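# Notes for the structure review
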Protein chains: 2
Amino acid sequence: MKTKSKKYRSHCPINFAQETFGDKWSLLIIRDLMFKNKKYYGEFLLSDEKISTNILADRLEKLENAGLISKTIDEENNSRKIYSLTSKGLDLMPMLIEMIAWGAKYDQDTATPKSFIQQYNKDKDRLIRELLKRLKNNKI
Amino acid sequence: MKTKSKKYRSHCPINFAQETFGDKWSLLIIRDLMFKNKKYYGEFLLSDEKISTNILADRLEKLENAGLISKTIDEENNSRKIYSLTSKGLDLMPMLIEMIAWGAKYDQDTATPKSFIQQYNKDKDRLIRELLKRLKNNKI
DNA sequence: TTATTCTACTTTCATTATGCAAGTGCCTGT
DNA sequence: ACAGGCACTTGCATAATGAAAGTAGAATAA
């Protein structure tokens, strides 16, 4: 793990966000951690989009360096690592919820469950609170 | 402009969004259209991040093909094109607002004005309505 | 104890995307 | 007619991506 002082193209917040996770894979890893209860390297490899192993390793390292995720050793199996979201990573949830709503609206073949959109339309903030609670409980 | 039927890696809404605008430049163009009242090719080139001309042309074409922006000829000068957001593009505003809020929170050198964050904290929906109204007025 | 399997990566190399610089071609104003 | 503005294109070097195979240490089975 090399430490490098990152130079940003600008300090526009959108550019900052894009430079932090604006590639085709990073947010899919965040998604797996946030909505699919995944935590192991091997689990990320199983997602539909079929990330390759070298890219996954690279992105996990970058996301950890950016402070969005953290890595710990699994107590039950020392050859296994547990990845989880930091608070900085969890704070992406409102943005991801809006991204899901947009994607669900414009992809006619979207995999988004109707119940999700219903909850989004009914009470967005409540939806976020519930999802955060669910994440917390699964961590035990 | 070639028409190609796009194959998606999956129909997860987050993946759909990432495949549509998940590179390092597309959202900066959307940002310029949405928050900075830009509309000409030459104006996008002036942004702080210094996009190069070939990448800009490529992204404008992709965004147009994806239905996020549209291109018309400037009536006052036929050698000039006007780029503007479609409703599909405008619908990205809630997501971008959340992205700005996140970026402003975690970039200590953020260029985000305090007033923006204050308005965001006070009444998010109102902020979005005001921004949309402002965009509409500038189009006249 | 030895062998096999799990798990998380690395490495290699071909393909694709990016980025700089320079060039093209169509208006437009003088 | 000509200079300049405007929206791109083209060429080429460099960087990122992706598929496949390889490595290394811990766990499990024989």
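Residues numbered from 1 in each chain as written. Chains lettered and ligands numbered in written order. Predicted model: local features only at pLDDT ≥ 70, side-chain atom pairs only at ≥ 80, totals over all residues.

## Structural notes on the overall build of chain A
This is how it is decided: Only runs of H or I of at least four residues qualify as helices and only runs of E of at least two qualify as strands under DSSP, and these elements are numbered from the N terminus. In this description the radius of gyration comes from C-alpha coordinates, and the expected globular size is given by 2.2 Å times residues to the power 0.38. Here the C-beta atoms are placed from the backbone, and a residue counts as buried if at least 20 other C-beta atoms lie within 10 Å of its own, exposed if 12 or fewer do, and partly exposed otherwise.
For chain A, the helix and strand inventory stands at eight helices and two strands. Helices (α) and strands (β) of chain A occur, in sequence order from the N terminus, as α-α-α-α-β-β-α-α-α-α. A globule of 140 residues ought to have a C-alpha radius of gyration of about 14 Å, and chain A, at 16 Å, matches this closely. If you line up chain A on its principal axes, its C-alpha atoms span 45 × 45 × 25 Å. Burial status across chain A gives 31% buried among its 140 residues.

## Considering the relation of the copies chain B and chain A
The following threshold applies: Copies overlap after least-squares fitting; the atoms used are the C-alpha atoms of residues with pLDDT of at least 70 in both. Any pair of residues counts as being in contact when their C-beta atoms, constructed from backbone geometry, are within 7 Å of one another.
Rotating chain B by 180 degrees and translating it 0.0 Å along the rotation axis places it on chain A, where the RMSD comes to 0.0 Å. Taken together, these values place the two copies in the relation of a two-fold axis. Take the interface residues of chain B: 100% of them recur as interface residues in chain A, which is what a same-surface contact looks like.

## Looking at the protein's contact with DNA strand C
Selection rule: Only the C-beta atom matters for nearness: placed from the backbone, it must lie within 6 Å of the molecule or strand for the residue to count as near.
Neighbouring residues of DNA strand C: 19 residues in total, closest Tyr41, Gly42, Thr53 and Asn54 of chain A together with Asn78 of chain B. With four residues, helix H4 (residues 53-65) of chain A is the single largest residue contributor to the surface near DNA strand C.

## Concerning the interface of chain B and chain A
Contacts between the two partners involve 37 residues from chain B, matched on the other side by 38 residues from chain A. Going through the elements one at a time, helix H1 (13-21), helix H2 (26-35) and helix H6 (93-106) of chain B are the ones with two or more residues in the side of chain B that touches chain A. Looking at the side of chain B that touches chain A, the element that brings in the most residues is H6 of chain B, giving 11 residues.

## Considerations on the protein's contact with DNA strand D
Quick note on the threshold: Each residue receives one of three labels: charged for Asp, Glu, Lys and Arg, nonpolar for Ala, Val, Leu, Ile, Met, Phe, Trp, Tyr, Cys and Pro, and polar for the others, Gly being one of them.
The full set close to DNA strand D counts 19 residues, and Asn78 and Ser79 of chain A together with Tyr41, Gly42 and Asn54 of chain B are the nearest of them. Elements with a contribution of two residues or more to the surface near DNA strand D: H4 of chain A together with helix H3 (41-45) and helix H4 (53-65) of chain B. Here the residues of the surface near DNA strand D are counted per class, giving five nonpolar, 10 polar and four charged.

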